[in-house]
Amino acid sequence: MKITLLKSFLLLGAFLCFGLAKAQTVSGTVSDANGPLPGASVLVKGTTNGTQTDFDGNFTLNDVEDSATLVFSYIGYKTAEIAVNGQTSINVTLEEDAQALDEVVIIGYGQTTVKDATGSVAAVTSEDFNGGVIASPEQLIQGKTAGVQITQASGEPGAGMNLRIRGSNSIRSNNNPLFVVDGVPLSGESTTPSGGDVINGSNATRNPLNFINPNDIESMSILKDASATAIYGSRGANGVVIITTKSGKTGQGGVWEFSSNLSISTPANDYDLFDRDEFLSTTASVRSQAIADASDYGYNTNWQDYITRTVASQNQNLSYSRNYGSGNVRATFSYGKQFGVIEKSAQERITGRINASQRFLDDKLRFTLQASISRVNDDAPPISGTSGASGNLIGAAYSANPTWPASSNFFLEGNQLNPANYLENFQSVTNTDRALINFSAEYDLTPELTAKVSVGYDDSDATAVSSISGNANNFNRVTGNGQSAYNTLNAKSKLLEGTLNYRKDFDNSSLDVIVGYSFQDFQRVGFNSQGWKAPTTDLNEMGEILIEDVNNIRSSIDGPYQQAGFASNGTFVNSINPFEDTNTLGISSGGYASVWVDTFDNTDELQSFFARANYSLNDKFLFTATVRADGSSRFSEDNRYGYFPSGAFAWKINEEDFIGDNISTLKLRIGAGVTGNQEGLGYANFLRRVRFSEPSISDSGEILRPGAQTVAVQNPDLKWESTLDLNVGLDFGFNLDRFSGSVDFYRKETNDLLFRQGAAAPAADPFVFKNLEDGTIINQGIEVALNYDFVQTEDVTFSSSFNIAYNKNTVEGLNGVTANFGALNGPGLTDAFAQRLGEGRSLFSYYMAEYSEDNFNPDEKDFVGEDGLPDVNAGLSLNLRVKNWDASAYFTGQFGFSVYNNTANAFLNRPTFETTRNVTQRALDTNVSQEVSTLYLESGDFVRLQNASVGYNVPVSGDGTIKSLRLSLTGQNLFLITDYSGLDPEVSSSTGDLGTGIPSASIDYTAFPRPRTVTLGINAKF
């Protein structure tokens, strides 16, 4: 009886307690340092009972047990757990978690964390970006990731960047990775037209990523191996870089942010050329006193100083962010102008961006908009890697007689150029308008299944106008007449993607599957034109008149045409189809005596189907399988589709019971897969195509009307290049990842190499485009990344990151196929080259004569055992914080490669001095001709202090108008350690490809000097 009564009391007590617990309601506010935080998650731990905070950061939860624990979370913040313990009101302030943000890696069509990734991936967030003057996104992550080599072609504002992830995989393509900006894959081709070869070669191409404001970027994820990149199939062979811009996730009530930078730049290095006295005395001793007297014009001009300058650049950014619970918005405006250290060089960039998201239907329906517009204006001096014997502005300055006066009116008969005259009478301006838009709609069909549709639009509209006036001396038919070029390029891309994503958590496992469809087309429309004999010498008017003349031609023609023009020898139209010659009326001469225009219009299409499955077992064993099928209009129907599968496995060994507590991370990764490439192919090269050659203008002003030429040869057997990628990696961390790192071993084999081979006479076609079926490019190496937090206290932190990577590049299976490339330019170097494709050698191997003072035969050429690809890339970052002060330094280095000093070969040598041109003393130490040889081949190894900064966070209460205030001072390219005799070994001039389409590497030809820059910055939040 007693036992029964006791049970009754216990049951009644339990029932009453349970009933009281279930009746409890808890409310409160979730905030961050800026105020209430809308959209934060509040969840009863161990249950599905949860909610999100409203616009004011408030929440209410019903049916909360007295013994429950509430979990408060938000992306980018440390999760907080608070026991209820009878409380009905709970307020919490979440702290930002920089480490959590660092761990998030955006991958193709999704995201993961570093610890859950099965492939070789890395992420660099805005907190770790390089500072100072940043023209393009690649500079933000230079040296930050193992196995990623980033080289700026020159020090010119907006110059092209070469980015290599684990080596060079293709003969013809630029070997740059695929860039994806907010979900839109960008074309790998240039978005600006050539400046026009008005004299001494065309200007260098601009970086197509210059339209992105670096201040808008939140993070950049680098996908290295096939397991990570195979979701992009045919475009992932060279790796993938995913750029994610900032959104308005924080800032309830609105947060304004303003940053302003002022930068001072000077040339970091120069040549020790002879001054007046040295030049005259050396001329007298090497040649004769009479020649020295005849070479003296009475002045002492430092021509390097004349064309270079110290400049001040500036950049301003204004942004507004707001999170209003069911959505967020961030809008930015930026203006910056960077001046180059050579006269008449600059880049002006104006950008606007809006990122917005909105949730509907209890957050089941989500809309996201990411849109940017930009205007980039480039001014370029007369510098070209393809300039010939007379050289460009830099070559003219190096070789100019220092006794000449610094006057544009000074004139001397011959082929030597007066830099002052050249600089004053040349102008090249490129204007690029670009819009990039991505809109997506996402809907949760069920709690596990989500559908998403995205549309993207990328439109770049660019014009380039270059002019050289008739006042320019020693330019043959241009002198006294003038010449201009007006080129346009509209590069447009449209994207449609749809995906289904299924996510399901089971008792001890989880599954994440995504399937999708993608269609993207790429259209390139524009024309090139040229005018000769202008009615004025005003450079601005010359460009305006040519634009008017070209528009007059284009408006006077009915029907499709490729070319048209007018000159003293009559007007003409070359129709597109059928090919026919037409003398047409209605085209009247305008301001120029002769004008021609040549049009183009090409469209490529890419259709894709893809799927990926991620499976996690016991949060210990991770599996990934991916497949993508790509169909490209660049191939015939029989070979249009390529299929690219991959698989990966990861084992979180640290989750095993036998691992000690000191090991916080230990993960083994194994992956393999196939990716593809078509970038080296170009438009419709599997079809036989004939078009008219580009017109030209004779010395007398007549247009040399071109005939038809074969531009592509029928080859329906052309197919994708494919890269087999194998990767084994180990991630590790000790003492809560205070010391962490990774080691990766990889091997990549690229097969079916796309190649353009010249045909031997008397073949009907001049060349054939084909796959080298036995040809293989092999890249294999090891990467090591290490991170260590030396000091972790409330007032002081000190950490470092180090990465180093070794890569060996080899070309095999050529079966006798070879090609010469790496063109060399300058006086006496017509048709010269420095690199050749060879069996069993690096892709960019040097081929030339071995120089010897005793027995030198320039005709005995062979491979010399050196190449232009660094074997080792390394980076070291140091970061220190002491209370409100912080400092950082970043070192970069490249080793195991050689640079061909084409500048010295062309201008800085004894033979050029004997033609009364200026040189350095070093150039006279060896009495040798200008033959291509190892005399001008030098080690390019270097260590550079790329970036160093110090900052101070001004203490503010946060209650006033200013929420935070930061001051900073940053230095770039502060010192360089190298044995290279040129200005900088980190260089790759675009000197031409000799018709092979193979880009060169590590050739230095009058490269734009790299600046040393100091930047003062201020950043404030309101």
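Not measured: the values here are computed from a predicted model.

1. Re the overall build of the chain
Okay, step 1: Of regular secondary structure, the chain possesses 11 helices and 53 strands.
Okay, step 2: The C-alpha radius of gyration computed for the chain amounts to 32 Å, which stays within 12% of the reference 31 Å derived for 1022 residues, consistent with globular compactness.
Okay, step 3: For the chain, the spread of C-alpha atoms along the principal axes amounts to about 130 × 65 × 55 Å.
Okay, step 4: Counting over 1022 residues, the chain shows a buried share of 54%.
Okay, step 5: In the chain, 70% of the contacts between residues at least 6 apart in sequence involve partners at least 24 apart.
Okay, step 6: Split by element, the accessible area of the chain, about 42100 Å² in all, is 52% carbon and sulfur.
Okay, step 7: A distance of 5 Å separates the average location of the 71 positive side-chain charges in the chain from that of its 115 negative side-chain charges.

2. So, the nonpolar core
Across soluble globular proteins, nonpolar side chains have a tendency to be buried as a group.
Okay, step 1: Ile468, Phe475, Met848, Tyr900 and Leu908 are the most contacted members of the largest nonpolar core, which has 56 residues in total.
Okay, step 2: Among the elements of the structure, helix 4 (276-286), helix 6 (303-307), helix 7 (393-399), helix 8 (419-424), strand 43 (832-836), strand 44 (845-849) and helix 10 (902-906) are those that each provide at least two residues to this core.
Okay, step 3: Take this core: its biggest share by element is 5 residues, from helix 7.
Okay, step 4: The residues contacting isoleucine 468, other than those within four sequence positions of it, are Val198, Ile199, Tyr422, Asn425, Phe426, Phe475, Val478, Gly482, Gln483, Leu539 and Met542.
Okay, step 5: Counting 24 residues, the second-largest nonpolar core is a separate cluster that includes Leu140, Ile165, Met220 and Leu436.

3. Side note on the environment of valine 453
Okay, step 1: Within the fold, valine 453 resides in strand 24 (residues 449-468).
Okay, step 2: Between the C-alpha atom of valine 453 and that of serine 632, which follows or precedes it by 179 residues, the distance is 22 Å.
Okay, step 3: With near-sequence residues (within four places) excluded, valine 453 lies in contact with Phe439, Ser440, Ala441, Leu496, Glu497 and Gly498.

4. Section: helix 9 (residues 539-555)
Residues that lie three or four places apart on an α-helix share one face, since the helix turns once every 3.6 residues.
Okay, step 1: Along its 17 residues, helix 9 runs 25 Å from first to last C-alpha, staying within 8% of the 24 Å computed at 1.5 Å per residue.
Okay, step 2: Within the sequence span of helix 9, burial applies to Leu539, Met542, Gly543, Leu546, Asp549, Val550 and Ile553. One face of helix 9 carries all of its buried residues, which in axial projection span an arc of 125°. Opposite the packed face of helix 9, turned more than 90 degrees from it, sit the exposed residues Glu544, Glu548 and Ser555.
Okay, step 3: The N-capping residue of helix 9, defined by a side-chain oxygen 3.1 Å from the backbone nitrogen of asparagine 540, is aspartate 538.

5. Observations regarding unusual backbone geometry
Okay, step 1: A positive phi angle, close to 65°, is found at lysine 344, a residue other than glycine.
Okay, step 2: Secondary-structure assignment places lysine 344 in the loop between strand 20 (327-339) and strand 21 (346-360).
Okay, step 3: A positive phi angle is found at asparagine 474, which is not glycine, with a value near 65°.
Okay, step 4: Along the chain, asparagine 474 falls in the loop between strand 24 and strand 25 (483-505).

6. A closer look at the packing of aromatic side chains
Okay, step 1: For the structure on display, the rule yields 35 aromatic pairs.
Okay, step 2: Counting every residue linked through ring pairs, the aromatic cluster contains Phe732, Phe734, Phe739, Tyr788, Phe790 and Phe798.
Okay, step 3: Of note, lysine 144 hangs over the ring of tyrosine 890, and the distance from its end group to the ring centre comes to 5.3 Å.
Okay, step 4: A cation sits over an aromatic face here: lysine 861 above phenylalanine 833, 5.7 Å from the ring centre.

7. So, helix 4
Okay, step 1: Listed as buried for helix 4 are Phe279, Leu280, Thr282, Thr283 and Ala284.
Okay, step 2: Contacts from the buried residues of helix 4 go to helix 5 (289-294) and helix 11 (910-913).

8. Some points on the pattern of salt bridges
Okay, step 1: In the structure shown here, the tally under the stated rule is 36 salt bridges.
Okay, step 2: A salt bridge links arginine 276 to aspartate 277; its shortest N-O distance comes to 4.0 Å.
Okay, step 3: Relative accessible area serves as the criterion here: at 56%, aspartate 277 is assigned to the exposed category.
Okay, step 4: Its salt-bridge partner being arginine 477, residue aspartate 699 comes within 3.6 Å of it at the nearest N-O pair. Of this pair, aspartate 699 sits in the loop between strand 35 (696-697) and strand 36 (703-704) while arginine 477 sits in the loop between strand 24 and strand 25, and the two are 222 residues apart along the sequence.
Okay, step 5: Taking the relative accessible area as the measure of exposure, arginine 477 reaches 18% and is therefore buried.
Okay, step 6: The network of salt bridges with common partners includes Arg166, Lys224, Lys667, Arg669, Asp731, Asp744 and Glu783.

9. Comments concerning the sheet that holds strand 4 (residues 50-52)
Okay, step 1: Ordered in space as 4-3-6-7, the 4 strands form an open sheet in which the pairing is antiparallel. In this open sheet, the two strands that pair with only one neighbour each are strand 4 and strand 7 (80-83). Strand-to-strand twist across the sheet, computed as the mean angle between neighbouring axes with direction ignored, equals 20°.
Okay, step 2: Sheet topology places strand 6 (residues 69-73) next to strand 7; 4 bridges connect them, and they run antiparallel. For valine 71, the partnering residue across the bridge sits in strand 7 and is glutamate 81.

10. A few points about the sheet that holds strand 17 (residues 240-245)
Picture the strands of a sheet paired through backbone hydrogen bonds; they go either parallel or antiparallel.
Okay, step 1: The 5 strands lie next to each other as 11-16-17-14-15, forming an open sheet whose pairing is mixed. In this open sheet, the two edge strands, each paired with only one partner strand, are strand 11 (121-125) and strand 15 (184-185).
Okay, step 2: Judged from the 4 bridges that link them, strand 14 (residues 178-181) and strand 17 form a sheet pairing that is parallel. Counted as the bridge partner of leucine 178 is valine 240 from strand 17.

11. Considerations on the side chain of asparagine 803
Okay, step 1: For asparagine 803, the position within the fold is in strand 41 (residues 796-812).
Okay, step 2: One polar contact links the side chain of asparagine 803 to the main-chain carbonyl oxygen of glycine 143, over a distance of 2.9 Å.
Okay, step 3: Setting aside its immediate chain neighbours within four residues, asparagine 803 contacts Gly143, Lys144, Thr145, Ala146, Val784, Ala785, Asn873, Ala874 and Gly875.

12. Brief notes about the confidence of the model for the chain
Okay, step 1: When pLDDT is averaged along the chain, the result is 89, and 94% of the positions lie at 70 or above.
Okay, step 2: Of the regions scoring below 50 in pLDDT, residues 1-22 engages in 5 contacts with residues more than four places distant in sequence or in other chains.

13. What to know about the pairing of strand 20
Okay, step 1: Across 10 bridges, the pairing between strand 19 (residues 311-323) and strand 20 is antiparallel. Residue pairing across strands places glutamine 314 opposite lysine 337, the latter belonging to strand 20.
Okay, step 2: Taken together, strand 19 and the strand that follows it, strand 20, pair antiparallel across an intervening segment of 3 residues, in which glycine 325 is found at a positive phi of about 85°.
Okay, step 3: Of the pairings in the sheet, the one linking strand 20 to strand 21 comprises 13 bridges and is antiparallel in character. By the bridge assignment for strand 21, asparagine 328 is matched with serine 357.
Okay, step 4: Adjacent in sequence and paired antiparallel, strand 20 and strand 21 are bridged by 6 residues, among which lysine 344 carries a positive phi angle near 65°.

14. With respect to the side chain of serine 221
Okay, step 1: Inspection of the secondary structure assignment puts serine 221 in strand 16 (residues 217-223).
Okay, step 2: In this structure the side chain of serine 221 is engaged in a polar contact, spanning 3.1 Å, whose partner is the backbone nitrogen of isoleucine 106.
Okay, step 3: Residues in contact with serine 221, not counting those within four places in the same chain, are Val105, Ile106, Ala122, Ala123, Val240, Val241 and Ile242.

15. Structural notes on a nonpolar patch on the surface
Okay, step 1: Residues Ile354, Leu369, Ile437, Phe439, Val453, Val455 and Leu496 make up a contiguous nonpolar surface patch of about 510 Å² in total accessible area.
Okay, step 2: Contributing elements (two or more residues each) for the nonpolar patch: strand 23 (426-444) and strand 24.
Okay, step 3: Structurally, leucine 496 is set in strand 25.
Okay, step 4: The class of leucine 496 is partly exposed, set by a relative accessible area of 40%.

16. Thoughts on the environment of glycine 352
Okay, step 1: Its place among the elements puts glycine 352 in strand 21.
Okay, step 2: Owing to a relative accessible area of 17%, glycine 352 belongs among the buried residues under this scheme.
Okay, step 3: In contact with glycine 352, other than residues within four places in its own chain, are Thr332, Ala371, Ser372 and Ile373.

17. A word on the pairing of strand 28 (residues 570-575)
Okay, step 1: Sheet topology note: the strand 27 (residues 561-567)/strand 28 ladder contains 6 bridges and is antiparallel. Across the sheet, the residue bridging to glycine 565 is phenylalanine 572, located in strand 28.
Okay, step 2: Linking strand 27 back to strand 28 in an antiparallel pair, the connection comprises 2 residues.

18. Concerning a negative patch on the surface
Okay, step 1: Taken together, the side chains of Asp270, Asp272, Asp275, Glu278 and Asp305 present a region of like negative charge at the surface.
Okay, step 2: Tracing the chain through its elements places aspartate 272 in the loop between strand 18 (255-267) and helix 4.

19. A short note on the environment of glycine 838
Okay, step 1: In this structure, glycine 838 sits in the loop between strand 43 and strand 44.
Okay, step 2: Classification of glycine 838 by relative accessible area gives buried; the value is 5%.
Okay, step 3: Distance in space between the C-alpha atoms of glycine 838 and valine 30 is 65 Å, their sequence separation being 808 residues.
Okay, step 4: Every residue in contact with glycine 838, bar those within four places of it in the chain, is listed here: Val811, Leu814 and Phe863.

Conventions we followed
In this convention, every chain numbers its residues from 1, walking through the sequence in written order. With pLDDT at 70 or above as the cut-off, local features in this predicted model cover only qualifying residues; side-chain atom pairs require 80 or more to be listed or tallied, and sums for whole chains, interfaces and linings still use all residues. Computation of side-chain values covers all heavy atoms of the structure but excludes hydrogens and water. Secondary structure elements are defined from DSSP: runs of H or I of at least 4 residues count as helices, runs of E of at least 2 residues count as strands, and each element is numbered from the N terminus. Radius of gyration here is computed from C-alpha atoms only, and the compact-globule reference equals 2.2 Å multiplied by the residue count raised to the power 0.38. The rule is simple: take the accessible area with a 1.4 Å probe, protein chains only, and divide by the maximum for that residue type; under 20% is buried, over 50% is exposed, in between is partly exposed. Residues count as neighbours in contact if any of their non-hydrogen atoms are within 4.5 Å of one another. The Shrake-Rupley method, run with a 1.4 Å probe, gives the accessible areas here. Residue values count only the displayed protein chains as cover. Positive: Lys, Arg. Negative: Asp, Glu. His and the chain ends are not part of the count. We put the charge of a Lys on NZ, of an Arg on CZ, of an Asp on CG and of a Glu on CD. Definition used in this section: a nonpolar core is a set of buried Ala, Val, Leu, Ile, Met, Phe, Trp, Tyr and Cys residues joined via side-chain atoms within 4.5 Å. In this analysis, the expected span of each helix is defined as 1.5 Å times one less than the number of residues it contains. The arc in question is traced by the directions running from the helix axis to the C-beta atoms. Throughout this description, a polar contact denotes any pair of N or O atoms lying within 3.5 Å of each other; where both atoms belong to protein, one of them has to be capable of donating a hydrogen while the other can accept it, and for residues adjacent in sequence the pair is counted only when both atoms sit in side chains. Here a pair means two rings of Phe, Tyr or Trp (six-membered ring of Trp) with centres within 6.5 Å. Their orientation is stacked below 30 degrees between planes, edge-to-face above 60, and tilted elsewhere. Any Lys NZ or Arg CZ found within 6 Å of a ring centre and within 35 degrees of that ring's normal is scored as a charge over the ring. Here, a salt bridge means any Lys or Arg side-chain nitrogen found within 4 Å of an Asp or Glu carboxyl oxygen. Each pair of strands is called paired provided DSSP finds at least two bridges between the two strands. As a rule, the C-alpha atoms of each element are fitted with a line to give its axis, helices using only the stretch in contact, and angles between N-to-C directions run from 0 to 180 degrees. Scored between 0 and 100, pLDDT is the confidence that the predictor attaches to each residue. What goes into a patch is any residue over 30% in relative accessible area without a salt bridge, connected to like charges within 9 Å or, for nonpolar side chains (Val, Leu, Ile, Met, Phe, Trp, Tyr), within 5 Å.

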